[in-house]
Amino acid sequence: MQTQTVTFASFADQRPGTSGLRKTVRHYQQPHYTESFLQAVFNTQGIAGKTLVIGGDGRYYNREAIEKLIKMAVAQNAKRLIIGENGLLSTPATSHLIRKYRADYGIILSASHNPGGIDGDFGIKFNLSAGQPAPESATEAVYAETQKLTQYTYADIGLPALAIGEYTLGSTQLSVISSTADYIDGMKKLFDFDAIKHYLRDHKILFDAMHAATGPYALALFHQELGLPENHILNAKPLPDFGGHHPDPSPDTAKALQQRMAQDAGIVMGAASDGDGDRNMVCGRKHLINPCDSLAIIAAQHAHIPALSGMKGVARTMPTSRAIDAVAGALGLVCYETPTGWKFFGNLLEDGKIQLCGEESFGTSGDHIREKDGLWAVMCWLSILAATGETPDAILEAHWQQYGRHHFNRFDFENLDKAQAEAMIAAFEKDMAKMIGQNWNGLAITNAGQFHYTDPTNGEKSANQGLQIQFGRQARIITRLSGTSSSGATLRIYCEYWQQDTGRPAALAGTTATLAAFAQGAMNIAERCGRHQPDHIV
Ligand code: G16
């Protein structure tokens, strides 16, 4: 086997964000850019003698990146590469496979919910041996490595088509496996398939795979295993540009789902997932189930979900509404609050402190893997529906009645000038201390400042994870800059307002929108960043 060593000038911009290194496809296509990041992962995690799981969400540039990865890993004597058929693996399936095959680590080629195609985004993230997203210590080590890296080696060989089979390349075993089989087997151990199958005989759901990684999994699970008619799974074929759509489950993007639900009154629940299958959106006929409420309801109803039997602890990210805290309080569960980023749940799950976790950005999962898992969340909902015979709307409304409603919305300002946005956040932080004790619209500000996190399992500290203004248990405003945008800066403002009696108008008219307007004014977004309105309200 011939190997080639390539020398290049190191890159300064390869610091991973909330979830891996996300850049535009064209940025990744620069000579040596992809290889530099991969080599930095190899150098910090090791490659000779290692077993890796490799998969991607099927987006544009996936195949090229996988081929580069294989050639580099072979030249550098990886022991075994486990790859999904045609290079396709959802993020939750990758986490499952890393655990199942006791791999040393995994590499996922995905920019998750970001748009795809040649003008879209690409991303690389890596997960450690328990299947969890690399923590900050590991991603910072990769970043430091990229700053000095000037060389990589690859094998000058032809590669087999990524069809299921075992191949030998140099001293590396290449195992191309079914993308779905192991994952579906795992699901069988977590849920009562017979009960759900029985329920789906008389009740129909609709699932939108958004032409992304989840399509083959949804067909295998809902159609082949659970008997849902095939035409109830929309956009099931993974496409490099996601069919020109934005693979981010939300009422704005899952249009096909909404149209079909409007046409067919027999559909009780709609669901969708994102580019790499880790996010989920669930809706009834009347309500979108806000992800914060969905998490709280899964916790409240966990007795109906075999995967969550014996649940002791739960966690949410800091911006996620406190709906789950109310449930945890009532059920005697411990509830943890982490920074944004699934990676922060990893140690809590690994340590057995939590069995359920989730976040506002449409992420929910349990302790079966170390990633969020869109299909798992849908299976939780199906378990609840099958056990109670209720509709999602009825379950949501009954939940609000019992625990009060935590109104929640996120207001996103996209593509801001990065320097301006950072200066605005810094100036706002300075002003915040003065806010404590002030009254606004009848609400007292009880706390204001940065959120810092100390991991309770190992004492690792993560500072400056977002600014929050607290109005006791009544309301919260949180703001931070996104760590997943590929260009400029995205400012997120998360607003939560708790209303105990949902039968009456809320005491704060406009609830979350009024809170957002307050934050916009306090931060002076119009003057500092030239924006008057958010681009998206989720
Ligand atoms: C990732 C993280 C999530 C986070 C989301 C948005 O998800 O795993 O924890 O909520 O990004 O992060 P940000 O607010 O920094 O943009 P995914 O599905 O994109 O990998």
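Residues numbered from 1 in each chain as written. Predicted model: local features only at pLDDT ≥ 70, side-chain atom pairs only at ≥ 80, totals over all residues. Heavy atoms only, no water.

1. A word on empty space enclosed by the protein
Using the following cut-off: Lining residues are defined by having an atom within 4 Å of a point belonging to a cavity or pocket. Those points lie on a 1 Å grid over the protein atoms alone, cavities being sets where a 1.4 Å probe fits but cannot get out and pockets being open sets with protein on both sides within 12 Å along at least five of seven lines. Grid points are joined across faces, edges and corners, and a volume is the space filled by probe spheres set on the points. A run of DSSP states H or I qualifies as a helix once it reaches four residues; a run of E qualifies as a strand once it reaches two. Both are numbered from the N-terminal end. Throughout this entry, Asp, Glu, Lys and Arg are counted as charged residues, while Ala, Val, Leu, Ile, Met, Phe, Trp, Tyr, Cys and Pro are counted as nonpolar. The remaining residues, Gly among them, count as polar.
All told, the structure shown has three cavities of 30 Å³ or more when counted by the stated rule. Within this model, the largest cavity holds a volume of roughly 380 Å³. If you go around the largest cavity, you meet 34 residues; those closest to its centre are Thr-18, Ser-19, Gly-341, Lys-372 and Thr-484. Secondary structure elements with two or more residues in the lining of the largest cavity: β6 (121–127) and β27 (489–499). The greatest single-element share of the lining of the largest cavity, amounting to four residues, is contributed by β6. Split into classes, the residues belonging to the lining of the largest cavity amount to eight nonpolar, 14 polar and 12 charged. The space that makes up the second largest cavity amounts to roughly 40 Å³. Lining the second largest cavity are Asn-280, Met-281, Val-282, Ile-289, Pro-291, Ser-294, Phe-362 and Thr-364.

2. Here's the deal with the layout of surface pockets
Taken as a whole, the largest pocket encloses approximately 1100 Å³ of empty space. Taken together, 37 residues line the largest pocket, and the ones lying closest to its centre are Pro-16, Gly-17, Leu-481, Ser-482 and Gly-483. Those elements giving two or more residues to the lining of the largest pocket turn out to be β2 (21–24), α5 (136–148), α15 (418–432), β26 (475–481) and β27. With four residues, the top contributor of residues to the lining of the largest pocket is α15. Split by residue class, the lining of the largest pocket holds eight nonpolar, 18 polar and 11 charged. The calculated volume of the second largest pocket comes to roughly 870 Å³. Taken together, 42 residues line the second largest pocket, and the ones lying closest to its centre are Asp-248, Arg-410, Asp-412, His-536 and Val-538. Those elements giving two or more residues to the lining of the second largest pocket turn out to be β14 (288–289), α10 (291–300), α14 (392–403), β19 (405–416), β27 and β28 (536–537). If one sorts the elements of the lining of the second largest pocket by residue count, β19 sits on top with nine residues.

3. Some points on the packing of aromatic side chains
To keep it simple, the criterion reads: Aromatic pairing here means that ring centres of Phe, Tyr or Trp (its six-membered ring) are within 6.5 Å. Orientation follows from the plane angle: under 30 degrees is stacked, over 60 is edge-to-face, and everything else is tilted. For the exposure calls, accessible area comes from a 1.4 Å probe over protein chains only, and a residue counts as buried if that area is under 20% of its type's maximum, exposed if over 50%, partly exposed in between. A ring has a charge above it when a Lys NZ or an Arg CZ is no more than 6 Å from the ring centre and no more than 35 degrees off the ring normal.
Inspection of every chain in the model, using the stated rule, returns 14 aromatic pairs. Here the aromatic rings of Tyr-183 and Tyr-217 are separated by 5.4 Å at their centres, their planes lie at 85 degrees, and the arrangement is edge-to-face. Pair noted here: Tyr-183 is in helix α6 (residues 181–188) and Tyr-217 is in helix α8 (residues 214–225), with a separation of 34 residues, a long-range link. With relative accessibility at 4%, the residue Tyr-183 sits in the buried group. These aromatic residues form a ring-pair network of at least three members: Phe-8, Phe-11, Tyr-28, Tyr-33, Tyr-61, Phe-122 and Tyr-152. The ring of Trp-400 carries Arg-405 above its face, with NZ or CZ at 4.0 Å from the centroid.

4. A closer look at the nonpolar core
Just so we agree on the cut-off: Nonpolar cores are built from buried Ala, Val, Leu, Ile, Met, Phe, Trp, Tyr and Cys residues. Side-chain atoms within 4.5 Å join them into one set. Residues are treated as being in contact if the distance between any of their heavy atoms lies within 4.5 Å.
Residues Phe-191, Phe-222, Leu-356, Met-379 and Leu-382 are the most contacted members of the largest nonpolar core, which totals 63 residues. Broken down by element, the residue count for this core peaks at nine residues, all from helix α13 (residues 374–388). When residues no more than four places from it in sequence are discounted, the contact partners of Met-379 are Met-187, Phe-191, Phe-193, Ile-196, Leu-221, Phe-222 and Leu-226. Within the second largest apolar cluster, 44 residues are counted, among which are Tyr-28, Ala-75, Tyr-105 and Val-176.

5. Some remarks on the site of the ligand
This is how it is decided: The rule for a residue being near a molecule or strand is that one of its heavy atoms must lie within 4 Å of it. Polar contacts, as used here, are pairs of N or O atoms within 3.5 Å; protein pairs need one atom able to donate a hydrogen and one able to accept it. Residues neighboring in sequence count only if both atoms are side-chain atoms. We get accessible surface area from the Shrake-Rupley algorithm with a probe of 1.4 Å; when it comes to residues, only the shown protein chains can shield them. For this analysis, a molecule is said to be in a pocket or cavity if more than half of its atoms are within 2 Å of the grid points defining it.
As a structural note, the neighbourhood of the ligand is formed by 20 residues, with Thr-18, Ser-482, Gly-483, Thr-484 and Arg-492 the closest of them. Contact between the ligand and Ser-112: an oxygen atom at 2.8 Å from a side-chain N or O atom of the residue. Here an oxygen atom of the ligand and a side-chain polar atom of Thr-484 are 2.5 Å apart. Isolated, the ligand exposes 460 Å² of accessible area, and the fraction of that covered by the protein chains is 99%. Among the detected pockets, the ligand sits in the largest cavity.

6. A word on the pattern of salt bridges
Operational definition: Throughout this description, the term salt bridge denotes a Lys or Arg side-chain nitrogen within 4 Å of a carboxyl oxygen of Asp or Glu.
Following the criterion strictly, the structure yields 30 salt bridges and no others. Arg-316 is the partner of Asp-325 in a salt bridge, and the nearest nitrogen-oxygen pair spans 2.7 Å. For Arg-316, a relative accessible area of 3% gives the class buried. Residue Arg-410 pairs with Glu-360 through a salt bridge whose shortest N-O separation is 3.0 Å. Placement of the pair is Arg-410 in strand β19 and Glu-360 in the loop between β17 (356–359) and β18 (363–366), with a sequence separation of 50 residues. The structure contains a network of salt bridges with shared partners spanning Arg-316, Arg-322, Asp-325, Glu-337, Arg-476 and Glu-496.

7. Side note on helix α4 (residues 91–100)
Taken across its 10 residues, α4 has eight buried, putting it largely inside the fold. Every buried residue of α4 is accounted for by Thr-91, Pro-92, Ala-93, Thr-94, Ser-95, His-96, Leu-97 and Ile-98. Those residues of α4 hidden inside the fold are in contact with β3 (51–56), β5 (105–109), β6, β9 (172–177), α6 and α8. Among the residues of α4, the N-terminal cap falls to Ser-90, whose side-chain oxygen and the backbone nitrogen of Ala-93 are separated by 3.1 Å. Phi for Arg-102, located one or two positions after α4, is positive at around 45 degrees.

8. Some remarks on the packing of α4 against α6
Operational definition: Geometry is summarised by axes, namely lines fitted to C-alpha atoms with helices restricted to the contacting stretch, and by angles between N-to-C directions that run from 0 to 180 degrees. Oblique is the label for any angle not under 35 degrees, not over 145, and not in the 65 to 115 range, which are roughly parallel, roughly antiparallel and roughly perpendicular in turn.
One way to put it is that α4 packs onto α6 with a least axis distance of 9 Å and a crossing angle of 85 degrees. Taken together, the axis directions place α4 and α6 in an arrangement best described as roughly perpendicular. Contacts from Pro-92, Ala-93, His-96, Leu-97 and Lys-100 in α4 reach Asp-182, Tyr-183 and Gly-186 in α6. When grouped by side-chain class, the residues that make up the contact of α4 with α6 number four nonpolar, two polar and two charged.

9. As for the pairing of β18
How we decide: Strands are labelled as partners when DSSP assigns at least two bridges between them.
Burial along β18 is two-sided: Gly-363 and Ser-365 facing one way and Thr-364 and Gly-366 facing the other are all buried. The pairing of β17 with β18 spans four bridges and is antiparallel. The residue bridging Gly-358 from the neighbouring strand is Thr-364, located in β18. In this structure, the hairpin formed by β17 and β18 is closed by a connection of three residues, where Phe-362 is found at a positive phi of approximately 65 degrees.

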